[in-house]
Structure formats: structure tokens, C-alpha cells
Amino acid sequence: MKDWQKRVITKIAYLYYVKEFSRKDIAQKLGIDRTTVGRMLQRAKREQIVTFTINDFDTEVFDLEKEIEEKFHLKKVLVSPNSIHKTIPEKDSDLAKLTIQYLRKIIQVGDVVGLSWGRDLEMLADGVRNISDMNAVFVPLAGAPSNDNIKFHVNSIVYDMARKFKSKSIYINAAAVQKDVFAAQKVRQSAEYQKLNCYWQQMKTAVVGIGGPLSENSSWRDLLTAEDLVNLSYEKAIGDCCCHFFNAKGEIVDQGLERRLIAYPVEYLRTIENSIGLVHSVKKVEAIIALLKNKMLNTLITDKETAKAILSF
């Protein structure tokens, strides 16, 4: 590039980026066409006369979002940055706020929104601020955990989210895992369950957590029997979603347990407009990938560490 060319390109870039002239104003000032201004601005970037730095934000997450969206053909991926200076609760809070920002964008007046439960979901309501009346309906996607994990009760999560979104809430008063098939059938035949099932059929958005390997602690797995655990291990369960266990292919396992569950049929997640997985843990990567490959989820909200692990798995 000749010196005079570099000078002209640099001046155009200076006027546009620093002095904030419009392309039309630059063209008039220098006596050239607007299309020439556009070409010179592109060349300024190509020749690195102009470079851009975004301060105080980890822009790598945008590349991770795009890569995961393209790899798994997802509708949306949101990745929260990780910071070595933040505590685990602070990172959890960042992820919850990111999820709430997205939910505020997609939830419309009158929508039915389903929620599963767990630590990630339990923190969601804390991130809600100043939302106008949505008149949506928030519903549980699974029955209750044990009394030892009552703080993760799905009804509490549904209540808090509905209250913050100024919406209606529907509850379920039955354990996620019943003692036998007959007890489960009785729950499913109840008026309460039938009402909930009607809302499930109208659901536009579901936000679900994802459980990892059987060796991991969980807010509900203490409801499982020793026989359940043996069967799940034998059938190579790698994770769970809405209390349904699945293998590495995303196939539901342990039909005996399935018949005792009080939970939204996880395969129906494929049919709703926004099936959102909210999860962050490198230990759950295999489970996350299984659900993504099997099209159970069309949206993923996670953190940078988990996103990188997904792409390198």
C-alpha cells in the first residue's frame, strides 16, 4: 500500500470511527462516492489500520455460542463468562441472570411455562427484577423431591417465578417417584394431575435442569430404591432430565422406574417452541450432549467452562 493510499484510508477511518461522521458526510467532505467510503472502511479493517478491542467482557463466549449452535443445530445458545475472581455462588447468579434476560425476551402474555427443579432452577427467581404483568402460567414438570431436599421443591420454584413474573402458578402435590405403579396411576387419575396435564399440552417454554452420572449427588435421587440404582447402572444411564434417566444415545432407560414417575414426558420437549436446558458442570457434559443430539433441547444456557468441554468432548 502506498503512503498516500494509507493516508486517505486512515483519514476516512478516523472520521468515521473517532469523529463519528456518517458515510455521507465523509463522502461530501472528501469529494468521493459513499460506496468508496464503504470499501475504504473495509480495507482499513483488513489491513489492520483499524482494530477493535472490547473492554471488560469475555467476547470468546460469543464464538462458543456460535460453534455449539452450528454443531448441534440449536435455536439458541447462551454462554456465561467464567471469572477466576468470582465465587461459585456469584457464577451461579450470573447464569441465572442470563437465563432471566432470555426468558423476559421470549415469554409472551398468556404463555404456559414449565419448570423442573434443582439448584440451577432454584436460583432463577433471585435474578428477576421489575417485570410488568405477564399473565403467563408457570407449571411444574415433575413431582416433588424428598423432604430432605424440600428447598428445591418444584412448587416453590414455580411459585417464586410466577410471583416475580406477575403470573399464575399451578402446583403438584405428589412425589416425583411413587412407591409402585398403582400409586403412580392413582396420582395420574387425580383431578389435580389432569389439570396439570392440560397445561403441559399448551406449554410453549420449558426450562429444565440436567442431572449427571449416577455417582453424583442430586436433589431428588434419594427417592430411588437400591433396585432402581442397580437397573440404571445395568442399562448404562448417564444422566436425567425431568426425572427421566437416559443413556448415551439419549434413549430413556429403566421402564420399571418410568412407570412410577410423576413427570412430564421428556420426549415431548422436542415438540415445544422453547425447550431450554439450564446446566453448568463439566461432569454433565456427556448427558448434555446426549440430549442435544437427540433433539430434546433446542436451547442451551451454560457457562464458558462447560461450553468448552462440550466442544472438546
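For the structure itself, consult the block above.
None of these values were measured; they are calculated from a predicted model.

Basis of the calculations
Residues numbered from 1 in each chain as written. Predicted model: local features only at pLDDT ≥ 70, side-chain atom pairs only at ≥ 80, totals over all residues. Heavy atoms only, no water. Axes fitted to C-alpha atoms, helices over the stretch in contact; angles between N-to-C directions. Helix = DSSP H or I, 4+ residues; strand = E, 2+ residues; numbered from the N terminus. Parallel < 35°, antiparallel > 145°, perpendicular 65-115°, else oblique. Contact = heavy atoms within 4.5 Å. Nonpolar A, V, L, I, M, F, W, Y, C, P; charged D, E, K, R; others polar. Core = buried A, V, L, I, M, F, W, Y, C linked by side-chain atoms within 4.5 Å. Buried < 20%, exposed > 50% of the residue type's maximum accessible area, 1.4 Å probe, protein only. Pairing = 2+ DSSP bridges. Polar contact = N/O pair within 3.5 Å; in protein donor to acceptor, adjacent residues only side chain to side chain. Phe/Tyr/Trp six-rings, centres within 6.5 Å; stacked < 30°, edge-to-face > 60°. Patch = residues over 30% accessible without salt bridge, like charges linked within 9 Å, V, L, I, M, F, W, Y side chains within 5 Å. Areas by Shrake-Rupley, 256 points an atom, 1.4 Å probe, with all protein chains shown as cover. Salt bridge = Lys/Arg side-chain N within 4 Å of Asp/Glu carboxyl O. Lys, Arg positive; Asp, Glu negative; His and termini not counted. Charge placed at Lys NZ, Arg CZ, Asp CG, Glu CD.

Colleague: Looking at this structure, how should I read the packing of helix H2 (residues 23-30) against helix H3 (residues 34-46)?
Modeller: Relative orientation and spacing of two packed helices are given, respectively, by the angle between their axes and the distance between those axes. The contact between H2 and H3 brings their axes to 8 Å, and the two run at 105°. In terms of orientation, H2 lies roughly perpendicular with respect to H3. In contact with Arg 23, Lys 24, Ile 26 and Ala 27 of H2, H3 contributes Arg 34, Val 37, Gly 38 and Leu 41. Of the residues contributing to the contact of H2 with H3, the split by class is 4 nonpolar, 1 polar and 3 charged.

Colleague: I tried to follow the nonpolar core on my own but got confused; where do I start?
Modeller: Side chains of nonpolar character tend, in soluble globular proteins, to be buried together. One finds Phe 138, Met 161 and Phe 165 to be the most contacted residues of the largest nonpolar core, which totals 91 residues. Not counting chain neighbours up to four residues away, the residues in contact with Met 161 comprise Ile 100, Leu 103, Leu 115, Leu 124, Ala 125, Val 128 and Phe 138. Counting 11 residues, the second largest nonpolar core, distinct from the first, contains Ile 9, Leu 15, Ala 27 and Met 40.

Colleague: Is there a simple way to explain the pairing of strand S1 (residues 76-80) in this structure?
Modeller: Regular strands have side chains that alternate between both faces of the sheet. Most of S1 sits out of view: 4 of its 5 residues are buried. Both S1 and strand S9 (residues 299-303) contribute to a ladder of 5 bridges, which runs parallel. Across the sheet, Val 77 pairs through a bridge with Leu 300, a residue of S9.

Colleague: How should I be thinking about the side chain of Ser 116 in this particular structure?
Modeller: Topologically, Ser 116 is positioned in the loop between strand S2 (112-115) and helix H6 (119-122). A polar contact is formed between the side chain of Ser 116 and the backbone nitrogen of Gly 209, at a distance of 2.9 Å.

Colleague: How should I be thinking about the sheet that holds strand S3 (residues 137-140) in this particular structure?
Modeller: Note: strands within a sheet are paired through backbone hydrogen bonds, in either parallel or antiparallel orientation. Overall, parallel pairing links the 7 strands, which are arranged S1-S9-S8-S5-S2-S3-S4 in an open sheet. A single partner strand is all that each edge strand has here, and the edge strands are S1 and strand S4 (168-169). Each of S1 and S9 is contacted by helix H4 (residues 60-72), which is oriented at about 150° to S1, the strand it contacts most.

Colleague: Just to check I follow, could you spell out the packing of aromatic side chains for this structure?
Modeller: The way to describe two aromatic rings as a pair is by their centre distance and the angle between their planes. Under the counting rule described, the total for this entry stands at 8 aromatic pairs. Ring geometry for Tyr 17 versus Phe 52: centroids 5.3 Å apart, planes at 75°, classification edge-to-face. Of this pair, Tyr 17 sits in helix H1 (residues 3-18) while Phe 52 is found in the loop between H3 and H4, placing the two residues 35 residues apart along the sequence. A relative accessible area of 54% places Phe 52 in the exposed class. When the centroid spacing of 6.1 Å and the interplanar angle of 80° are considered together, the rings of Tyr 264 and Tyr 268 count as edge-to-face. Look at Tyr 268 and you get partly exposed, because its relative accessible area is 45%. A connected cluster of aromatic rings, assembled from ring pairs, spans Tyr 193, Trp 200, Tyr 264 and Tyr 268.

Colleague: How do you make sense of a positive patch on the surface when you look at a structure like this?
Modeller: Among the surface-exposed residues, Arg 23, Lys 24, Arg 34 and Lys 45 lie close enough to one another that they form a single positively charged patch. Counting residues per element, the ones that place at least two in the positive patch are H2 and H3. On the secondary structure map, Lys 24 appears in helix H2.

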